[in-house]
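One-letter residues, chain by chain:
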Amino acid sequence: MARPLIVDCDPGQDDAVALLLALASPELQLLGITTVAGNVTVQQTSDNARRICELAGHPEMRVYAGCPRPLLRPLQTAEHVHGKTGIDGADLPEPQMPLQPIHAVQYLIETLMAAPQPVTLALLGPMTNLAVALVQQPQIVEHIDRLVFMGGSAFEGNVTPAAEFNILTDPHAAQVVLSAGIREVVMLGLNVTQQVISTPERIERIRALKTRVGEVVAGMLTFYGKFDLERYGLPGGPLHDPCVIAYLLEPQLFQTQPCYVEVETTSALNLGRTVVDRWGTSHRPANAQVAFEVDAQGFYDLLTERLSCYK
Ligand code: BDR
Ligand code: CA
């Protein structure tokens, strides 16, 4: 039976590929998409999510706009990575499908509370929406089957030496979520997602699908790779967010270990750092399964195969 799923995201080229992967996967029953401010403003991420749904041939999908800023920090977007639209390189028309009339937080609460079975949450951006939902209605915890998120790092960050973009954007929200007592949390941090590189060869395999989706994904990844080449000397952009969907489809691609994880919310130097207690030195019970290894080629094989479903 397909697993009910809500994706919360801030597209973002890598979020966009994650949505395309989810929409092409019959094992997942995508109930709705919630958007948040992150890579670009929430107006833009909401437009982008709808553009991607239309590209995927799913104009019936429900997209709910969420929080326009983090809980405490001012919003700092990432157009220098993702381009002005957040999905530069895609060249998609203005969306025609409507944005849903209720707020993403309200949608999360109402859907989770009414769900006949617990729902999986995939978080691909700052965790503001889920944090606000948890504060407003703590009982939703019981209705979350598991939470798989891209964010943080067991090692170094990508915005500061200590912090990764999604967590640094809203560290307070991330700490609310990680300390909420959700029964299963899976963290896919930079320490694994930065190994999942869109090399020119992997992009060409996707372009060679010779479909509109293949062409758009190849265009986005070509644009998105420029930053990582200049900044890190990597041969392409890491597909951070699609790792979350790949984990839901083929968890054996990742090796995880139960760890206690806490977000630094006070120090100026380490703000937004996900402190991962890999060796149990804090003696605190694990609150997440943290990924330490990934089969990157297996990931691209899965992605390319699923994208080939789009005609
Ligand atoms: C994360 O930040 C964003 O730029 C990407 O979409 C991804 O979610 C990587 O640090
Ligand atoms: Ca993202």
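These figures come from a predicted structure and were not determined experimentally.

**Student:** Help me get a handle on the coordination of the calcium ion (ligand 2), residues and values and all.
**Tutor:** Only Asp10 (OD), Asp15 (OD), Asp15 (OD), Leu124 (O) and Asp241 (OD) from the protein coordinate the calcium ion (ligand 2), and they sit 2.3 to 2.6 Å from it. Positions of the donor residues of the calcium ion (ligand 2), expressed as sequence spacing, correspond to D-x4-D-x108-L-x116-D. Of the two residues, Leu124 is situated in the loop between β4 (119–123) and α5 (128–136) and Asp241 in the loop between α10 (212–232) and α11 (242–249); the sequence distance between them amounts to 117 residues. Overall, Leu124 belongs to the buried group, its relative accessible area being 0%.

**Student:** How would you sum up the sheet that holds strand β9 (residues 288–294)? Please name residues and give values.
**Tutor:** Strand order in this open sheet of nine strands is β3-β2-β1-β4-β5-β6-β9-β7-β8, and the pairing throughout is mixed. This sheet does not close on itself; its edge strands, each paired only once, are β3 (63–65) and β8 (274–277). The mean angle between the axes of side-by-side strands here comes to 30°, regardless of whether they run parallel or antiparallel.

**Student:** If you had to explain the pattern of salt bridges to someone new, which residues and values would you point to?
**Tutor:** A complete count under the given rule lists ten salt bridges for this structure. Arg51 serves as the salt-bridge partner of Glu94, at 3.1 Å between the closest nitrogen and oxygen. In this pair, Glu94 is assigned in the loop between α3 (79–82) and α4 (104–114) and Arg51 in helix α2 (residues 42–55), connecting sequence segments 43 residues apart. Since its relative accessible area comes to 11%, Arg51 is described here as buried.

Scoring rules and cut-offs
- Residues numbered from 1 in each chain as written.
- Chains lettered and ligands numbered in written order.
- Predicted model: local features only at pLDDT ≥ 70, side-chain atom pairs only at ≥ 80, totals over all residues.
- Heavy atoms only, no water.
- Donors = N, O, S within 2.8 Å, 3.2 Å for Na, K, Ca; no water.
- Helix = DSSP H or I, 4+ residues; strand = E, 2+ residues; numbered from the N terminus.
- Buried < 20%, exposed > 50% of the residue type's maximum accessible area, 1.4 Å probe, protein only.
- Pairing = 2+ DSSP bridges.
- Axes fitted to C-alpha atoms, helices over the stretch in contact; angles between N-to-C directions.
- Salt bridge = Lys/Arg side-chain N within 4 Å of Asp/Glu carboxyl O.

Purely geometric stuff here, so don't read any function into it on its own.
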